[in-house]
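A look at the structure
Residue strings, one per chain:
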Amino acid sequence: MDGNGRWASDRGKPRVFGHQQGAKTLTHIIRSCPKYGITHLTVYAFSPENWQRGALEVNALMRLFQIYLRAYMGELDRENVQIRIIGERSKLPTVLQRMIEKIETKTKNHTRLVVQVALNYGGRDELLHAAETLIARHQNTKTPALPLTQEDLVSALWNPSCPDPDLLIRTGGEMRLSNFMLWQLAYTEFVFLPQYWPDFTADDLGQAIAQFKGRQRRFGRIPTEQNAPESNP
Ligand code: FPP
């Protein structure tokens, strides 16, 4: 969800105004997911590097996360939407941690759409955390440490039940991953868009999906009828 700060600066407003607008955009995008057949959506809301922004911006973001989780808990629950937070949550404000536990518990059996919010999330941190989990598991159960399979590593990610993304969309014009889902994006299709996140619309999402459907996904294999563009989910 990149470009909130620049969107606000272009309008002569403080960066926080861009985040507030970005939060509204997120609610529209979540509501539009079922119409496009999306069953899993992950949004990158805060990276470990983001703590280095000014206290004003960081505190405003933490407040915004709480406000939105509280305000939309009822709607998400009624609409059969599951909320999962991925990232190192122990460093988040305690009140936000409590709210996360509440909304995750309330929505844990919902199936229409899973929304993962990456909060204090870093892809490298996730892999380090997975390695630590695997070592601790081995020490506690005395099962052999090696060989290690890809399934073992996935089982130690922050949300092992979430499938790898088919499509990554980055708004705001930058063409890089910025430490996002480094394991899970191995075969994901990328769409980079110039518009800032507050300007991103459900139609833009539809157009990105249309682009995705035109791609041939080969997963390292040679072209076949099965991986021809029309057969993309
Ligand atoms: C990146 O844009 C955006 C963020 C660091 C914050 C994203 C947060 C929201 C959209 C708020 C709502 C989220 C939830 C989960 C309710 P940037 O600030 O880096 O923009 P810039 O590159 O233009 O400076």
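Look up: the structure comes first, before these words.
Residues numbered from 1 in each chain as written. Predicted model: local features only at pLDDT ≥ 70, side-chain atom pairs only at ≥ 80, totals over all residues. Heavy atoms only, no water.

Re the overall build of the chain
This is how it is decided: Per the convention used, a helix needs a DSSP run of H or I reaching at least four residues, while a strand needs a run of E reaching at least two, with both numbered from the N terminus. Throughout, the radius of gyration refers to the C-alpha atoms, and the reference size of a globule is 2.2 Å times the residue count to the power 0.38. With a 1.4 Å probe rolled over the protein chains alone, any residue whose accessible area is under 20% of its type maximum counts as buried; one over 50% counts as exposed, and the rest are partly exposed. Between two residues, a contact is recorded if the distance between any of their heavy atoms is within 4.5 Å. When charges are counted, Lys and Arg contribute as positive and Asp and Glu as negative, whereas His and the chain ends are disregarded. By convention, charge coordinates are those of NZ in Lys, CZ in Arg, CG in Asp, or CD in Glu.
A tally of regular secondary structure across the chain gives seven helices and five strands. Traced from its N-terminal end to its C-terminal end, the chain shows the element sequence α-α-β-α-β-α-β-α-α-β-β-α. Whereas a compact globule of 233 residues would reach a radius of gyration of roughly 17 Å, the chain reaches 19 Å, a difference of no more than 12%. With the C-alpha coordinates of the chain rotated into their principal frame, the extents come out at 55 × 45 × 35 Å. In the chain, which comprises 233 residues, the proportion classed as buried is 42%. Sequence separation of 24 or more characterises 69% of the internal contacts of the chain that already satisfy a separation of 6 or more. Side-chain charges of the chain comprise 29 positive and 24 negative groups, with the mean position of each set lying 5 Å from the other.

Observations regarding the nonpolar core
Stated precisely, the cut-off is as follows: Only buried Ala, Val, Leu, Ile, Met, Phe, Trp, Tyr and Cys residues count toward a nonpolar core, and they belong to the same one when joined by side-chain atoms within 4.5 Å.
One finds Phe 65, Leu 96 and Leu 119 to be the most contacted residues of the largest nonpolar core, which totals 35 residues. Element by element, the count of residues in this core is highest for helix α3 (residues 55-78), at seven residues. With sequence-adjacent residues up to four places away left out, Phe 65 is seen in contact with Ala 45, Phe 46, Leu 96 and Leu 119. Counting residues in hydrophobic clusters, the runner-up holds nine residues, among them Tyr 121, Trp 158, Phe 180 and Met 181.

Here's the deal with the site of the ligand
Short version of the rule: For this description, a residue counts as near a given molecule or strand if any of its non-hydrogen atoms is within 4 Å of it. Each polar contact in these results corresponds to two N or O atoms within 3.5 Å; when the atoms are within protein, one needs to be able to donate a hydrogen and the other to accept it, and residues that are neighboring in sequence are counted only if both atoms are side-chain atoms. Surface exposure here means Shrake-Rupley accessible area, sampled with a 1.4 Å probe, where a residue is shielded only by the protein chains that are shown. In this classification, Asp, Glu, Lys and Arg are treated as charged, Ala, Val, Leu, Ile, Met, Phe, Trp, Tyr, Cys and Pro as nonpolar, and every other residue, Gly included, as polar.
By nearness alone, 19 residues border the ligand, and Asp 2, Arg 6, Arg 15, His 19 and Arg 53 come closest of all. The contact in question runs from an oxygen atom of the ligand to an N or O atom on the side chain of Asp 2, over 3.0 Å. Taking Arg 15, its side chain carries an N or O atom lying 3.0 Å from an oxygen atom of the ligand. Burial of the ligand by the protein amounts to 90% of the accessible area it has alone, namely 630 Å². Looking at the shell around the ligand, the elements that each hand over two or more residues are α1 (4-10), α2 (15-32) and α3. Considering only residue class, the shell around the ligand consists of nine nonpolar, six polar and four charged.

Topic: the sheet that holds strand β3 (residues 113-119)
As a reminder of what qualifies: For two strands to be treated as a pair, DSSP must find at least two bridges joining them. Only C-alpha atoms enter the line fits that serve as axes; for helices the fit covers just the stretch in contact. Angles between N-to-C directions range over 0 to 180 degrees.
Pairing is parallel across the open sheet formed by three strands, whose spatial order is β1-β3-β2. Here the strands that pair on one side only, and so sit at the sheet edges, are β1 (40-46) and β2 (81-86). The sheet shows a mean angle of 20 degrees between the axes of neighbouring strands, taken without regard to direction. With six bridges connecting them, β2 and β3 associate as parallel partners. Looking across to β3, one finds that Arg 84 is bridged to Gln 116.

Some remarks on helix α4 (residues 94-107)
The condition is simple: Expected helix span is taken as 1.5 Å per residue step, with the number of steps being one fewer than the number of residues. Taking the helix axis as origin, the arc is that swept by the directions to the C-beta atoms.
With 14 residues, α4 ought to run about 20 Å at 1.5 Å a step, and its terminal C-alpha atoms sit 20 Å apart, in line with that. Listed in full, the buried residues belonging to α4 are Leu 96, Gln 97, Met 99, Ile 100, Ile 103, Glu 104 and Thr 107. Summarising the axial view, the buried residues of α4 lie within an arc of 160 degrees, below the 170-degree limit, and thus occupy one face. Exposed residues on α4 whose side chains face more than 90 degrees from its buried face are Lys 102 and Thr 105. Residues of α4 that are buried make contact with α3, β2 and β3.

Here's the deal with the pairing of β1
Summarising burial for β1: five of the seven residues are buried, a large majority. Direction of pairing for β1 relative to β3: parallel, over a ladder of six bridges. By the bridge assignment, Tyr 44 is partnered in β3 with Ala 118.

Some points on the pattern of salt bridges
Formally: Salt bridges, as used here, are contacts in which a Lys or Arg side-chain nitrogen is within 4 Å of a carboxyl oxygen on Asp or Glu.
Within this structure, the stated rule accounts for 14 salt bridges. A salt bridge links Lys 106 to Asp 77; the shortest N-O distance between them is 3.8 Å. Within this pair, whereas Lys 106 is found in helix α4, its partner Asp 77 is found in helix α3, the two being separated by 29 residues in sequence. Glu 104 is the partner of Arg 89 in a salt bridge, and the nearest nitrogen-oxygen pair spans 3.0 Å. Of the two residues, Arg 89 sits in the loop between β2 and α4 while Glu 104 sits in helix α4, which places them 15 residues apart along the sequence. Since its relative accessible area comes to 25%, Arg 89 is described here as partly exposed. For Glu 104, a relative accessible area of 14% puts it in the buried group. Taken together, the shared-partner salt bridges in this structure form one network comprising Asp 2, Arg 6, Arg 170, Glu 174 and Arg 176.

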